[in-house]
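Here are the chains, one letter per residue:
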Amino acid sequence: MKKAVAILLAGMMVFGLAGCGSKTSEGAGSEAVSAPESSAAAESTVTESTADTQEAESTAAADTGEGRQFVVGFDAEFPPYGYKDGSGEYVGFDLDLAAEVCKRQGWELVKQPIDWDSKDMELDSGAIDCIWNGFTMNGREDQYTWSVPYVDNSQVFVVADDSGISVKADLAGKAVGVQKDSSALAALEGDEKELADTFGALNQYADYNTAFMDLEAGAIDALAIDIGVANYQISSREGGYVILEGTDHAEYLSTEQYGIGFKKGNEELKDIVEATLLEMVDDGSFMTIAEKYADYGLLDSICLGK
(Lines give C-alpha, C1' and ligand atoms only; values in the text may rest on other atoms or scores of the structure.)
Protein backbone atom coordinates (compact mmCIF):
# COMPACT_ATOMS: atom_id res chain seq x y z
CA MET A 1 0.00 0.00 0.00
CA LYS A 2 2.76 2.41 0.98
CA LYS A 3 4.55 1.40 -2.18
CA ALA A 4 1.49 2.25 -4.26
CA VAL A 5 1.15 5.63 -2.57
CA ALA A 6 4.81 6.37 -3.21
CA ILE A 7 4.40 5.50 -6.86
CA LEU A 8 1.32 7.75 -7.08
CA LEU A 9 3.16 10.65 -5.43
CA ALA A 10 6.12 10.24 -7.76
CA GLY A 11 3.79 10.35 -10.79
CA MET A 12 2.14 13.55 -9.55
CA MET A 13 5.56 15.21 -9.13
CA VAL A 14 6.53 14.23 -12.67
CA PHE A 15 3.33 15.79 -14.09
CA GLY A 16 3.81 18.90 -11.97
CA LEU A 17 7.35 19.37 -13.22
CA ALA A 18 6.22 18.76 -16.76
CA GLY A 19 3.51 21.44 -16.37
CA CYS A 20 6.02 24.04 -15.08
CA GLY A 21 8.42 23.10 -17.83
CA SER A 22 5.75 23.58 -20.39
CA LYS A 23 4.78 26.99 -18.99
CA THR A 24 8.42 28.11 -18.83
CA SER A 25 8.97 26.92 -22.36
CA GLU A 26 5.89 28.77 -23.54
CA GLY A 27 7.06 31.95 -21.84
CA ALA A 28 10.52 31.68 -23.34
CA GLY A 29 9.00 30.99 -26.72
CA SER A 30 6.75 34.03 -26.39
CA GLU A 31 9.70 36.21 -25.41
CA ALA A 32 11.72 34.83 -28.30
CA VAL A 33 8.97 35.76 -30.74
CA SER A 34 8.39 39.16 -29.09
CA ALA A 35 12.02 40.22 -29.32
CA PRO A 36 12.28 39.99 -33.11
CA GLU A 37 8.92 41.74 -33.44
CA SER A 38 10.13 44.55 -31.18
CA SER A 39 13.37 44.80 -33.13
CA ALA A 40 11.50 44.90 -36.42
CA ALA A 41 9.20 47.63 -35.09
CA ALA A 42 12.19 49.66 -33.97
CA GLU A 43 13.87 49.22 -37.35
CA SER A 44 10.62 50.26 -39.04
CA THR A 45 10.42 53.39 -36.89
CA VAL A 46 14.02 54.28 -37.69
CA THR A 47 13.40 53.68 -41.41
CA GLU A 48 10.28 55.85 -41.37
CA SER A 49 12.10 58.56 -39.43
CA THR A 50 14.98 58.48 -41.90
CA ALA A 51 12.56 58.62 -44.81
CA ASP A 52 10.75 61.58 -43.26
CA THR A 53 14.06 63.36 -42.72
CA GLN A 54 15.16 62.68 -46.28
CA GLU A 55 11.79 63.89 -47.59
CA ALA A 56 12.04 67.06 -45.51
CA GLU A 57 15.58 67.65 -46.75
CA SER A 58 14.47 66.99 -50.30
CA THR A 59 11.56 69.45 -49.91
CA ALA A 60 13.86 72.07 -48.43
CA ALA A 61 16.29 71.59 -51.30
CA ALA A 62 13.45 71.87 -53.79
CA ASP A 63 12.47 75.21 -52.28
CA THR A 64 15.67 76.91 -53.40
CA GLY A 65 17.57 74.28 -55.39
CA GLU A 66 18.12 73.88 -59.09
CA GLY A 67 15.05 72.83 -61.05
CA ARG A 68 12.48 74.43 -58.77
CA GLN A 69 9.69 76.67 -60.06
CA PHE A 70 9.93 80.33 -59.14
CA VAL A 71 6.45 81.85 -59.27
CA VAL A 72 6.39 85.62 -59.68
CA GLY A 73 3.13 87.42 -58.97
CA PHE A 74 2.61 90.58 -61.04
CA ASP A 75 0.03 93.04 -62.31
CA ALA A 76 -0.30 92.21 -66.01
CA GLU A 77 -1.32 95.79 -66.84
CA PHE A 78 1.55 97.70 -65.26
CA PRO A 79 3.98 98.63 -68.04
CA PRO A 80 6.93 98.84 -68.35
CA TYR A 81 7.35 96.53 -65.33
CA GLY A 82 4.91 93.80 -66.34
CA TYR A 83 2.39 93.68 -69.18
CA LYS A 84 1.23 91.70 -72.22
CA ASP A 85 2.86 92.66 -75.52
CA GLY A 86 1.32 92.60 -78.98
CA SER A 87 2.02 88.89 -79.38
CA GLY A 88 0.23 88.03 -76.15
CA GLU A 89 3.43 87.33 -74.20
CA TYR A 90 3.98 88.66 -70.68
CA VAL A 91 7.00 90.95 -70.73
CA GLY A 92 8.45 93.89 -68.82
CA PHE A 93 11.46 95.11 -66.89
CA ASP A 94 10.71 93.19 -63.70
CA LEU A 95 9.84 90.00 -65.56
CA ASP A 96 13.07 90.25 -67.56
CA LEU A 97 15.04 90.60 -64.31
CA ALA A 98 13.24 87.59 -62.85
CA ALA A 99 13.98 85.55 -65.99
CA GLU A 100 17.70 86.31 -65.68
CA VAL A 101 17.71 85.36 -62.00
CA CYS A 102 16.03 82.05 -62.86
CA LYS A 103 18.49 81.39 -65.68
CA ARG A 104 21.43 81.80 -63.33
CA GLN A 105 19.88 79.67 -60.60
CA GLY A 106 18.61 76.91 -62.88
CA TRP A 107 15.00 77.65 -61.92
CA GLU A 108 11.87 77.59 -64.05
CA LEU A 109 10.18 81.00 -64.13
CA VAL A 110 6.40 81.00 -63.81
CA LYS A 111 4.83 84.38 -64.61
CA GLN A 112 1.61 84.54 -62.60
CA PRO A 113 -0.73 87.49 -63.26
CA ILE A 114 -2.66 88.48 -60.13
CA ASP A 115 -5.38 90.90 -59.11
CA TRP A 116 -3.43 93.62 -57.36
CA ASP A 117 -5.86 93.89 -54.46
CA SER A 118 -5.52 90.10 -53.87
CA LYS A 119 -1.72 90.05 -53.84
CA ASP A 120 -1.38 89.38 -50.09
CA MET A 121 -3.72 86.40 -50.24
CA GLU A 122 -1.76 84.96 -53.18
CA LEU A 123 1.53 85.37 -51.31
CA ASP A 124 0.32 84.07 -47.94
CA SER A 125 -1.28 80.99 -49.52
CA GLY A 126 1.96 80.05 -51.29
CA ALA A 127 0.40 80.47 -54.73
CA ILE A 128 3.26 82.84 -55.59
CA ASP A 129 6.83 83.11 -54.26
CA CYS A 130 7.09 86.88 -54.42
CA ILE A 131 5.52 90.08 -55.67
CA TRP A 132 7.83 91.55 -58.28
CA ASN A 133 6.16 94.26 -60.30
CA GLY A 134 6.80 97.88 -59.42
CA PHE A 135 6.04 97.06 -55.79
CA THR A 136 6.36 100.03 -53.44
CA MET A 137 8.25 99.39 -50.21
CA ASN A 138 7.38 102.65 -48.44
CA GLY A 139 4.66 102.19 -45.83
CA ARG A 140 4.84 98.39 -46.19
CA GLU A 141 8.25 97.83 -44.58
CA ASP A 142 6.92 95.52 -41.84
CA GLN A 143 4.46 93.56 -43.96
CA TYR A 144 6.92 91.68 -46.18
CA THR A 145 10.51 90.47 -46.33
CA TRP A 146 12.05 92.91 -48.80
CA SER A 147 14.96 92.86 -51.20
CA VAL A 148 17.13 95.94 -51.53
CA PRO A 149 15.36 98.76 -53.43
CA TYR A 150 16.22 98.94 -57.12
CA VAL A 151 14.03 101.74 -58.49
CA ASP A 152 13.31 105.26 -57.22
CA ASN A 153 9.73 105.93 -58.18
CA SER A 154 7.36 108.88 -58.01
CA GLN A 155 3.58 109.15 -58.03
CA VAL A 156 2.38 111.85 -60.44
CA PHE A 157 -0.72 113.29 -62.03
CA VAL A 158 -1.33 112.88 -65.76
CA VAL A 159 -3.71 115.23 -67.57
CA ALA A 160 -4.56 116.04 -71.17
CA ASP A 161 -2.16 118.67 -72.49
CA ASP A 162 -5.08 120.96 -73.36
CA SER A 163 -6.90 120.48 -70.04
CA GLY A 164 -5.84 123.82 -68.55
CA ILE A 165 -4.57 121.95 -65.48
CA SER A 166 -0.96 122.83 -64.69
CA VAL A 167 -0.64 122.49 -60.90
CA LYS A 168 -2.20 120.28 -58.22
CA ALA A 169 -4.37 123.14 -57.00
CA ASP A 170 -6.14 123.10 -60.39
CA LEU A 171 -7.54 119.66 -59.55
CA ALA A 172 -10.06 121.18 -57.13
CA GLY A 173 -13.55 120.07 -58.17
CA LYS A 174 -12.13 117.69 -60.80
CA ALA A 175 -12.65 113.94 -61.20
CA VAL A 176 -9.38 112.12 -60.52
CA GLY A 177 -8.70 108.44 -61.18
CA VAL A 178 -6.41 106.07 -59.26
CA GLN A 179 -5.74 102.33 -59.09
CA LYS A 180 -7.17 100.32 -56.19
CA ASP A 181 -4.71 99.42 -53.42
CA SER A 182 -1.98 101.47 -55.10
CA SER A 183 0.69 103.74 -53.65
CA ALA A 184 -1.01 106.72 -55.28
CA LEU A 185 -4.23 105.87 -53.45
CA ALA A 186 -2.31 105.44 -50.19
CA ALA A 187 -0.81 108.90 -50.64
CA LEU A 188 -4.20 110.46 -51.38
CA GLU A 189 -5.70 108.80 -48.32
CA GLY A 190 -2.66 109.65 -46.17
CA ASP A 191 -0.20 112.53 -46.50
CA GLU A 192 -2.12 114.11 -49.39
CA LYS A 193 -5.64 113.64 -48.01
CA GLU A 194 -6.13 117.39 -47.76
CA LEU A 195 -5.50 117.64 -51.51
CA ALA A 196 -7.80 114.69 -52.25
CA ASP A 197 -10.60 116.32 -50.26
CA THR A 198 -10.66 119.13 -52.83
CA PHE A 199 -11.39 116.74 -55.73
CA GLY A 200 -14.86 116.55 -57.15
CA ALA A 201 -14.50 112.75 -57.22
CA LEU A 202 -11.84 110.11 -56.68
CA ASN A 203 -12.58 107.11 -58.89
CA GLN A 204 -10.78 103.82 -58.21
CA TYR A 205 -9.88 101.39 -61.03
CA ALA A 206 -8.76 97.78 -61.08
CA ASP A 207 -5.99 98.64 -63.57
CA TYR A 208 -4.37 101.67 -65.18
CA ASN A 209 -5.25 100.71 -68.74
CA THR A 210 -8.95 101.12 -67.96
CA ALA A 211 -8.25 104.33 -66.06
CA PHE A 212 -6.31 105.81 -68.99
CA MET A 213 -9.14 104.95 -71.38
CA ASP A 214 -11.49 106.92 -69.11
CA LEU A 215 -9.00 109.81 -69.17
CA GLU A 216 -9.02 109.69 -72.96
CA ALA A 217 -12.82 109.59 -73.00
CA GLY A 218 -13.09 112.58 -70.65
CA ALA A 219 -14.73 110.55 -67.88
CA ILE A 220 -11.99 111.75 -65.53
CA ASP A 221 -9.87 114.89 -65.62
CA ALA A 222 -6.62 113.53 -64.19
CA LEU A 223 -4.99 110.27 -63.24
CA ALA A 224 -2.74 109.66 -60.22
CA ILE A 225 -0.20 107.08 -61.38
CA ASP A 226 3.38 105.75 -61.09
CA ILE A 227 5.72 107.86 -63.20
CA GLY A 228 7.13 104.86 -65.09
CA VAL A 229 3.66 103.71 -66.08
CA ALA A 230 2.72 107.30 -66.93
CA ASN A 231 5.71 107.64 -69.27
CA TYR A 232 4.80 104.35 -70.96
CA GLN A 233 1.14 105.30 -71.43
CA ILE A 234 1.98 108.76 -72.79
CA SER A 235 4.68 107.41 -75.11
CA SER A 236 2.41 104.67 -76.48
CA ARG A 237 -0.19 107.31 -77.37
CA GLU A 238 2.35 109.58 -79.09
CA GLY A 239 1.60 112.58 -76.90
CA GLY A 240 -1.56 114.41 -76.01
CA TYR A 241 -0.94 114.02 -72.28
CA VAL A 242 1.48 115.54 -69.79
CA ILE A 243 2.73 114.94 -66.28
CA LEU A 244 2.28 117.75 -63.77
CA GLU A 245 5.89 118.63 -63.01
CA GLY A 246 6.47 122.02 -61.41
CA THR A 247 9.80 123.39 -60.20
CA ASP A 248 11.89 120.58 -58.65
CA HIS A 249 8.95 118.21 -59.15
CA ALA A 250 6.84 120.21 -56.72
CA GLU A 251 3.66 119.01 -58.43
CA TYR A 252 4.48 115.33 -57.95
CA LEU A 253 2.16 113.47 -55.61
CA SER A 254 4.85 111.51 -53.70
CA THR A 255 8.17 109.68 -54.05
CA GLU A 256 8.99 106.09 -53.11
CA GLN A 257 11.14 103.04 -53.88
CA TYR A 258 10.42 99.68 -55.47
CA GLY A 259 11.60 96.35 -54.07
CA ILE A 260 10.82 92.64 -54.39
CA GLY A 261 8.34 91.55 -51.72
CA PHE A 262 8.57 88.04 -50.24
CA LYS A 263 6.36 86.44 -47.60
CA LYS A 264 7.34 87.73 -44.18
CA GLY A 265 10.15 85.54 -42.81
CA ASN A 266 11.21 83.97 -46.12
CA GLU A 267 14.78 85.21 -45.75
CA GLU A 268 16.39 82.25 -47.54
CA LEU A 269 14.66 82.81 -50.87
CA LYS A 270 15.06 86.57 -50.59
CA ASP A 271 18.80 86.23 -49.97
CA ILE A 272 19.30 84.05 -53.05
CA VAL A 273 17.32 86.32 -55.36
CA GLU A 274 18.91 89.47 -53.97
CA ALA A 275 22.45 88.10 -54.25
CA THR A 276 21.79 87.12 -57.88
CA LEU A 277 20.38 90.56 -58.61
CA LEU A 278 23.50 92.19 -57.18
CA GLU A 279 25.65 89.92 -59.35
CA MET A 280 23.71 91.21 -62.35
CA VAL A 281 24.44 94.77 -61.29
CA ASP A 282 28.16 93.98 -60.98
CA ASP A 283 28.45 92.39 -64.43
CA GLY A 284 26.31 95.02 -66.18
CA SER A 285 23.41 92.77 -67.19
CA PHE A 286 20.99 94.63 -64.88
CA MET A 287 21.49 97.90 -66.78
CA THR A 288 21.46 96.08 -70.12
CA ILE A 289 17.95 94.90 -69.31
CA ALA A 290 16.94 98.38 -68.08
CA GLU A 291 18.12 99.95 -71.34
CA LYS A 292 15.43 98.00 -73.21
CA TYR A 293 12.91 100.29 -71.49
CA ALA A 294 14.84 103.57 -71.79
CA ASP A 295 12.07 105.12 -73.89
CA TYR A 296 9.85 105.06 -70.81
CA GLY A 297 12.23 107.03 -68.61
CA LEU A 298 13.24 103.97 -66.64
CA LEU A 299 17.00 104.61 -66.66
CA ASP A 300 16.61 107.80 -64.65
CA SER A 301 14.73 105.88 -61.98
CA ILE A 302 17.26 103.07 -61.40
CA CYS A 303 18.85 103.34 -57.96
CA LEU A 304 20.52 99.94 -57.50
CA GLY A 305 24.24 100.13 -58.15
CA LYS A 306 24.34 103.92 -58.17
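Please refer to the structure higher up on the page.
To keep things clear, this report deals only with the structure shown in the data block.

Conventions and cut-offs
- Residues numbered from 1 in each chain as written.
- Predicted model: local features only at pLDDT ≥ 70, side-chain atom pairs only at ≥ 80, totals over all residues.
- Heavy atoms only, no water.
- Helix = DSSP H or I, 4+ residues; strand = E, 2+ residues; numbered from the N terminus.
- Contact = heavy atoms within 4.5 Å.
- Areas by Shrake-Rupley, 256 points an atom, 1.4 Å probe, with all protein chains shown as cover.
- Salt bridge = Lys/Arg side-chain N within 4 Å of Asp/Glu carboxyl O.
- Buried < 20%, exposed > 50% of the residue type's maximum accessible area, 1.4 Å probe, protein only.
- Polar contact = N/O pair within 3.5 Å; in protein donor to acceptor, adjacent residues only side chain to side chain.
- Pairing = 2+ DSSP bridges.
- Phe/Tyr/Trp six-rings, centres within 6.5 Å; stacked < 30°, edge-to-face > 60°.
- Lys NZ or Arg CZ within 6 Å of the ring centre and 35° of its normal.
- Axes fitted to C-alpha atoms, helices over the stretch in contact; angles between N-to-C directions.
- Parallel < 35°, antiparallel > 145°, perpendicular 65-115°, else oblique.

### Let's talk about the overall build of the protein
And then number 1: Summing up its helical and strand segments, the protein has nine helices and 13 strands in all.
And then number 2: Pairs at least 24 apart in sequence give 74% of the contacts found in the protein among residues at least 6 apart.
And then number 3: Surface accessibility of the protein: about 15800 Å² in total, with carbon and sulfur atoms responsible for 51%.

### Thoughts on the pattern of salt bridges
And then number 1: Counted by the stated rule, this structure contains nine salt bridges.
And then number 2: Ionic pairing is found between D96 and K292, a salt bridge with its closest N-O pair at 2.7 Å. Here the residue D96 occupies a position in helix α2 (residues 93-105), and K292 occupies one in the segment after α9 (285-291), the gap between them amounting to 196 residues.
And then number 3: For D96, a relative accessible area of 16% translates into the label buried.
And then number 4: When salt bridges with common partners are traced through the structure, they connect E100, R104 and D283 into a single cluster.

### Considerations on the side chain of D129
And then number 1: Take D129: it is sitting in the loop between α3 (119-124) and β6 (130-136).
And then number 2: Its relative accessible area of 16% is what places D129 among the buried residues.
And then number 3: Side-chain polar atoms of D129 contact the side chain of R68, separated by 2.5 Å.
And then number 4: Within the structure, D129 has its side chain in polar contact with the backbone nitrogen of V71 (distance 2.7 Å).
And then number 5: Those residues within four positions of D129 in sequence are excluded, and the remaining contacts are R68, Q69, F70, V71, L123, F262 and L269.

### A closer look at the pairing of strand β8 (residues 151-160)
And then number 1: Along β8, eight of the ten residues are buried, which leaves the element largely enclosed by surrounding structure.
And then number 2: Relative to strand β13 (residues 254-262), β8 runs antiparallel, the two sharing five bridges. The residue bridging V151 from the neighbouring strand is Y258, located in β13.
And then number 3: Across four bridges, β8 lies against strand β11 (residues 222-226) in antiparallel orientation. In the strand pairing of β11, F157 is matched with A224.
And then number 4: As paired strands, β8 and strand β12 (residues 241-243) are joined by three bridges and run antiparallel to one another. Bridge pairing in β12 places V158 opposite I243.

### With respect to the packing of aromatic side chains
And then number 1: All told, the structure shown has 17 aromatic pairs when counted by the stated rule.
And then number 2: Plain terms: the ring middles of Y81 and Y258 are 5.2 Å apart, the flat faces sit at 85 degrees to each other, and that makes the pair edge-to-face. Residue Y81 is found in the loop between β2 (77-78) and β3 (82-84), and its partner Y258 is found in strand β13; the two are separated by 177 residues along the sequence. Side by side, Y81 and Y258 carry an identical accessibility label, which is buried.
And then number 3: A network of ring pairs unites the aromatic residues F78, Y81, F93, Y150, Y208, Y258, F286 and Y293 as a single cluster.
And then number 4: The ring of W107 carries R68 above its face, with NZ or CZ at 5.4 Å from the centroid.

### What about helix α7 (residues 227-236)?
And then number 1: In terms of burial, α7 is largely enclosed, as seven of its ten residues are buried.
And then number 2: Listed in full, the buried residues belonging to α7 are I227, G228, V229, A230, Y232, Q233 and I234.
And then number 3: The elements touched by buried residues of α7 are β2, β3, β8, α6 (208-217), β11 and β12.
And then number 4: Following α7 by one or two positions, E238 adopts a phi angle in the positive range, close to 55 degrees.

### Focus: the packing of α2 against helix α8 (residues 267-283)
And then number 1: The N-to-C vectors of α2 and α8 enclose an angle of 100 degrees; their axes lie 10 Å apart at closest approach. What the angle tells us is that α2 and α8 run roughly perpendicular. Residues L97, E100, V101, R104 and Q105 of α2 form the contact with α8, whose own contacting residues are I272, V273, T276, L277, E279, M280 and D283.

### Considering the environment of I243
And then number 1: Summarising the element assignment, I243 is placed in strand β12.
And then number 2: Taking the relative accessible area as the measure of exposure, I243 reaches 14% and is therefore buried.
And then number 3: Distance from I243 to V167, taken between C-alpha atoms, is 9.9 Å for residues 76 residues apart in sequence.

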